[in-house]
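# Chain and residue survey
In case you want the letters, here they are:
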Amino acid sequence: MLLALFTISCETVVQIDLPETESLLTVNCLFQQDSAFFFTLSASKGILESGELEQLNDGQIKISASDGTEETISTTSFDSLTFREGYISTMKAKPGVTYTVTASRAGYESVTATAVIPEPQPVSSIDTTSVIIARERENHVLVSLKDPSGIANYYEVKMKLLLYYPVGTDSFPYVLDIPIYPVAADGVFGNSSDLLFSDELFDGQEYAVRVAYSPDWVEGDTAQIVEQLPSYLIAELRSVSEDYFKFQQSYNTFQFSAGDPFAQPVQVYNNVEGGYGIVAGYSIARDTIPFK
Amino acid sequence: MYLPIFFRNRLYLLMMIKGLLIPVAFFLLMIGSVGAQNYTISGFVEDGTSGEKLIGANVYDVATLKGTTTNVYGFYSLTLPAGEYTIATSFVGFEKREFTVDLKGDTTIAMKMGGSLDLKEFEITASQTENIQEQTQMSRIDVPVTTIQKIPALLGERDVLKALQLLPGVQSGSEGTSGLYVRGGGPDQNLILLDGVPVYNASHLFGFFSVFNTDAINSVELIKGGFPAHYGGRLSSVIDIRMKEGNLNEFHGTGSVGIVASKLTLEGPIIKDKASFIISGRRTYIDLLARPIIKNQFKKQGTDGVAGYYFYDLNGKVNYKITDKDRVYLSAYLGDDNFYFDFTETYSLSEEQDITQGLGAGLRWGNITTALRYNRVINQKLFMNLTGTYSRYNFNVGQTINSFSEPADPAYAEDIAFNYESGIFDWSGRLDFDYIPSPNHYIKFGLGDIYHTFVPGITVFDASIGNSDPIDTTFGATPVYAHEYFAYVEDDFKIGARIKMNLGVHFAGFKTGSNNYMSVQPRASARYLLNEFLSVKASYAQMQQYIHLLTNASIGLPTDLWVPSTDIVKPEDSRQVAAGLAYTFKNKYEISLEGYYKTMTNLIEYKEGAGFFTTGTSWEDQITFGDGWSYGAELFLQKKVGKTAGWIGYTLSWTQRQFEDLNFGEAFPYRYDRRHDISIVITQEINKQIDFAATWVYGTGNAVSLPISRYAAPDNGFFGNEIYNYGSRNSFRMAAYHRLDVGVNLHKERKHWERTWSFGAYNAYSRKNPFFLYFQDNFNLDENGNAVTTKELIQVSLFPIVPYVTYSFKF
């Protein structure tokens, strides 16, 4: 307290200016195979500029694929899944095809990004196990995959639960995201709390990645349904591009450290030339096992 | 207990002895056998009044100017052919002494220098110590303690480390703090030695004051490059601080009363001319002065409490001259910083029941260093020093919460304690020899070992709440034990009249767990005399560092962690080349111009997003590894004596870092990359009663990372997620730093004592220097009544003009 008094009594505050920064286009699109592209276009602001970021719905997005197909999107539509307005393609993304995206809008320099979806890598098997670590029970899921050799591959693993809710005599399928976290003993995750990993430690080999879930994640009625009715565990293995991997890792770190005044600054990966944002793709392979 | 285990288990010790000492012994025999008709004059040079040994005094033959200098214990050895000589002894601030000797055999002469010269009358007439152009060593600066004591300082607290910040090649960290960044190195790359014992955290009050009490200091030496082989373990600098030994002849004391702290130093003989002591203490007392006010404030709020902060230092040293050839020293330093807060409140739960709740919190950190040293003059040419040391740095933060009811009810009983502790504990032993076979060779060799215990953060949590089960848990990193061992040999030798070289090798290793890192570090320095006053110099030094400081702040927070090299964390390495000119002008002014290039590998930094509050991960997982390099030029003009003394220093430098995991692998400027750094220090004696001092510093602003723009994240939607774009790391420059400090000392001599009033001001023109920057959100309503958030970049400046007054005395 005395230090604070001493410091405050000496502290003088001066407002200083930053050099003005040019407003640049921001284009974002995280896309998956066999799905349409959903782009958002907005304008960046200087850090000292006030107000919300401006969504630009009067721009143009041009997609040029390495297989020769092209599409230009000039109008936005409402996406009922994300409840957002954006530029939605009719073209569907394919693995192995390189897409060059050019975004433009009057008053701004055009920006470009190049992205490709890696080929999906199938889930070889799923297994569940229960282990005691530091006197605590942990529920683990092992997701096996066969990694292609010779190239750098990046993955993300997610877990879902498929339930069939009884309604009268019928039942309706319902999918829940299961909160999972990396198992520290599995070196592929390093120190990260993300579910992203690279094949650096198992290039070209069969590998069973290990994640854990809390036994308390299902509660109340859902817990009873899981107990009483058929339910299934869906392991989703995403083969993600390097751009996706770098962006997601840095963005997760950025979000995690937000608000900590002692945290080191985080530079979020960005692959849009001449502007900001991320255009990156992934493919998904799934496998399902009964869940108890 | 420690030594037997060390000897029994470590093969490397035998390797060191075989690998180093046998060739050295052979080499010495060869040198020693040359010129069998030579004889040696040896002994100690001391201040005739106090008996204090004089470090770096010159002893030379007046006719040929062949000579030597005293080592850190005041020992000299001069070997000359048989004959008659006029031998001179000189040391800055003392009258030159000359005597004639007819050298027919080995002779021991204790040289007692006359009383200190009156600076008013003092004029340099001959080489007082080895002039800068004559020394082999480059990138080395002796800072006279008398100058440090005159330099104006923050709140009047004279400070060794802040004086060193005024030297070229040395950058300060943040405003007011005592961190040192030498030639692009980090704050952990400085080997700060107090009587030969490493000091790990050399600062009080978050770096605003250093732990060194100038009243107890005899000498201060800074080495920035061209490191002699007897130093090792850090990459960027050596700061060798030697304490006074204590007056062997008379009892004396000095003291001062300042705004922040008061000091008292006492010294005197225990057995006249045989044993002496010095003890020096310093303590801040704002906590004592403010205690009644703070207690009163608590009482006004109906509670009972106390809070405060203090630091203290205690230095002590005893030396005993067993014989003319044997001497033993025991020195110790003890210092602590302590924040405390205790608060108790009682309230009624019902008409029948009262609850009393207490909250206590504390933050404490401090150093202990102790050294037991034994000197022996084995023969006229060989001097030995055996040292055993213990040092400890620890940091502790704790909090307690307790409550109870009256009458007692277990349901309201609560007892919670949290304690976090980190630190480093060292035991060490070393054996050093100085061998001076002739005026053309000065050989040093030795070996040693430091046994480290690292405690990189342990948390203890105890809780007993109501009727629930008590919790008693300890978690965090486990202690790490390590041996850091070394051996070295170096020779400072002359080739003809113009060339002098220092060649050496430092062998070092670090053993922890199954790891055993080893390195052979060559060291070389050379000078070539172009004429009597001008020389050209060059040096090469390779260093390795096995311990690292994990820090994410620039102000020397006690939370900084000292951590060892491990499987994952490799030792840091550096290689530095330097070249320059050294010139003495009119025998009064020393001028040096040096250029350097330094590379550093295996440096550590926190990963992006990591911070002190990042929990659940070990320190090894929070760091990343990379390289650094620094290059630049330094100009230094110094005048050590006379009515007007001081220096002007200018540094032009570039410092970069490159980490695979930072800045997308691209090189970026180091936070303390400072293109221009200027310091001017002047002390001016007006007359015997008044002296004046001023310092002015200028430095390019620190490089920091600031967001420059914001843009939408892919999930930007209802939640408005935005990404801050930082541009390139450390791409924003804070405003330049500059500051003027002024001070005046008014002396008055009484019959048996002398007093001094010191007045001055830190930051005399009240420059608003940047301390840190932050963004502030302001919430306003626009003309339509809608909420609008605006952001401002705010620079916080810590110290405006800060005047001081200090009263000091000596008797």
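Residues numbered from 1 in each chain as written. Chains lettered and ligands numbered in written order. Predicted model: local features only at pLDDT ≥ 70, side-chain atom pairs only at ≥ 80, totals over all residues. Heavy atoms only, no water.

## Here's the deal with the pairing of strand 34 (residues 572-585) of chain B
All names here are of chain B. In the sheet, strand 31 (residues 534-545) pairs with strand 34 via 12 bridges, with the strands oriented antiparallel. Bridging from a neighbouring strand, Q542 pairs with R575 of strand 34. Across 13 bridges, strand 34 lies against strand 35 (residues 589-606) in antiparallel orientation. Paired with L581 across the two strands is L593, which belongs to strand 35. Linking strand 34 to strand 35, which pair antiparallel, is a turn of three residues; within it K586 sits at a positive phi near 55 degrees. (Pairing = 2+ DSSP bridges. Helix = DSSP H or I, 4+ residues; strand = E, 2+ residues; numbered from the N terminus.)

## Describing the sheet that holds strand 3 (residues 67-69) of chain B
Strand pairs in the sheet, formed through backbone hydrogen bonds, run parallel or antiparallel to each other. All names here are of chain B. With antiparallel pairing, four strands are arranged side by side in an open sheet as 3-2-5-6. On the outer flanks of this sheet lie strand 3 and strand 6 (97-103), each paired with one strand and no other. Ignoring strand direction, the axes of neighbouring strands in this sheet form an average angle of 20 degrees. (Axes fitted to C-alpha atoms, helices over the stretch in contact; angles between N-to-C directions.)

## Considerations on the packing of aromatic side chains
Residue and element names in this part refer to chain B. Taken as a whole, this structure holds 54 aromatic pairs over all chains when the rule is applied. Between the aromatic rings of F209 and F311, the centroid separation amounts to 5.9 Å while the plane-to-plane angle is 40 degrees, which identifies the pairing as tilted. Here F209, found in strand 15 (residues 209-210), pairs with F311, found in strand 21 (residues 304-321); they are 102 residues apart in sequence, far enough to count as distant. Each member of the pair, F209 as well as F311, is classed as buried. Here the aromatic rings of W696 and Y698 are separated by 6.3 Å at their centres, their planes lie at 20 degrees, and the arrangement is stacked. It is R657 that lies over the ring of Y670; its NZ or CZ is 3.8 Å from the centre. A cation over a ring is seen here: R729 above F668, with NZ or CZ 5.2 Å from the ring centre. (Phe/Tyr/Trp six-rings, centres within 6.5 Å; stacked < 30°, edge-to-face > 60°. Buried < 20%, exposed > 50% of the residue type's maximum accessible area, 1.4 Å probe, protein only. Lys NZ or Arg CZ within 6 Å of the ring centre and 35° of its normal.)

## As for the nonpolar core
Counting 74 residues, the largest nonpolar core has B:V160, B:L164, B:L167, B:F212, B:V220, B:I241 and B:W647 as its most contacted members. The residues contacting B:F212, other than those within four sequence positions of it, are B:V160, B:L161, B:I192, B:L194, B:V199, B:A202, B:I217, B:I241 and B:R282. Formed by 27 residues, the second largest nonpolar core is a distinct cluster that contains A:I73, A:A93, A:I117 and A:V279. (Core = buried A, V, L, I, M, F, W, Y, C linked by side-chain atoms within 4.5 Å. Contact = heavy atoms within 4.5 Å.)

## Some thoughts on the sheet that holds strand 1 (residues 12-16) of chain A
Strand order in the open sheet formed by three strands is 1(A)-48(B)-47(B), with antiparallel pairing between adjacent strands. Strand pairing shows two members of the sheet lacking a second neighbour, strand 1 of chain A together with strand 47 (772-781) of chain B, which therefore form its edges. When the angles between neighbouring strand axes are averaged without regard to direction, this sheet yields 40 degrees. By the bridge criterion, 10 bridges tie strand 47 of chain B to strand 48 (residues 787-797) of chain B in an arrangement that is antiparallel. Each residue of the ladder has a partner; that of B:F779, found in strand 48 of chain B, is B:T789.

## A closer look at a nonpolar patch on the surface
Side chains of B:I495, B:I499, B:Y528, B:L530, B:V536, B:L581, B:L593 and B:L635 sit close together on the surface and give an oily, nonpolar patch of about 610 Å² of accessible area. One can find B:I499 in strand 29 (residues 499-512). (Patch = residues over 30% accessible without salt bridge, like charges linked within 9 Å, V, L, I, M, F, W, Y side chains within 5 Å. Areas by Shrake-Rupley, 256 points an atom, 1.4 Å probe, with all protein chains shown as cover. Salt bridge = Lys/Arg side-chain N within 4 Å of Asp/Glu carboxyl O.)

## Section: the interface of chain A and chain B
Counting residues at the interface gives 52 residues for chain A, matched by 66 residues for chain B. Taken together, both faces of the contact between chain A and chain B bury some 5200 Å²; the carbon and sulfur share is 64%. Summed over the shared surface of chain A and chain B, the number is zero salt bridges. Counting the contacts that link chain A with chain B gives 10 residue pairs in polar contact (both at pLDDT 80 or more). It is helix 3 (residues 242-257) of chain A that provides the largest number of residues to the side of chain A that touches chain B, a total of seven residues. Counted by class, the side of chain A that touches chain B contains 27 nonpolar, 20 polar and five charged residues. Two strands pair when backbone bridges link them, and strand 4 (residues 45-46) of chain A and strand 42 (residues 709-712) of chain B are joined in this way by two bridges, in the antiparallel orientation. Bridge pairing in strand 42 of chain B links A:G46 to B:S709. (Buried area = accessible area lost by both parts, 1.4 Å probe. Polar contact = N/O pair within 3.5 Å; in protein donor to acceptor, adjacent residues only side chain to side chain. Nonpolar A, V, L, I, M, F, W, Y, C, P; charged D, E, K, R; others polar.)

## As for helix 5 (residues 286-300) of chain B
Residues and elements named next belong to chain B. Taking 1.5 Å per residue, 15 residues should reach 21 Å; helix 5 reaches 21 Å between its end C-alpha atoms and fits that length. A maximum bend of about 35 degrees is found in helix 5 at P292. Burial in helix 5 covers these residues: D287, A290, I294 and F298. Phi for G302, located one or two positions after helix 5, is positive at around 75 degrees. (Expected span 1.5 Å × (residues − 1). Bend = angle between axes of the 7 residues up to and from the residue.)

## Brief notes about the confidence of the model for chain A
Per-chain confidence: chain A averages 84 in pLDDT, with 88% of residues scoring 70 or above. Confidence over residues 1-5 of chain A falls short of pLDDT 50; this stretch has 11 contacts with residues more than four positions distant or in other chains. (pLDDT = per-residue confidence, 0-100.)

## Focus on the environment of A:R210
Residues and elements named next belong to chain A. Relative to the elements of secondary structure, R210 occurs in strand 18 (residues 206-213). Sequence-wise, R210 and V143 are 67 residues apart; in three dimensions their C-alpha atoms are separated by 6.5 Å. Excluding anything up to four places from it in sequence, R210 contacts T129, V131, H140, V141, L142, V183, D186 and F189. Side chain to side chain, R210 and H140 meet in a polar contact 2.9 Å long.

## Overview of the environment of B:S514
Residue and element names in this part refer to chain B. Within the fold, S514 resides in the loop between strand 29 and strand 30 (515-529). Overall, the relative accessible area of 71% leaves S514 in the exposed class. C-alpha of S514 to C-alpha of T566: the two residues are 52 residues apart in sequence and 9.2 Å apart in space.

## Things to note about the confidence of the model for chain B
Residue and element names in this part refer to chain B. Summarising the model, chain B shows a mean pLDDT of 84, and 90% of its residues fall at 70 or more. In the model of chain B, helix 1 (residues 2-9) stands out as the element of lowest mean pLDDT, 39, in contrast to strand 31, which has the highest, 96. Across residues 1-13 the pLDDT falls below 50, and counting only partners more than four positions away or on other chains, this stretch makes 16 contacts in the model. Taken together, the chains of this predicted complex give a pTM of 0.82 and an interface ipTM of 0.90.

## Some words on the pairing of strand 26 (residues 441-465) of chain B
Residues and elements named next belong to chain B. Bridging between strand 25 (residues 414-438) and strand 26 involves 22 bridges; their strand directions are antiparallel. Each residue of the ladder has a partner; that of E414, found in strand 26, is I465. Here strand 25 hands over to strand 26 after two residues, the two strands then running antiparallel side by side. Summarising the sheet, strand 26 and strand 28 (residues 480-495) pair through 14 bridges and their orientation is antiparallel. Across the sheet, the residue bridging to Y442 is D492, located in strand 28.

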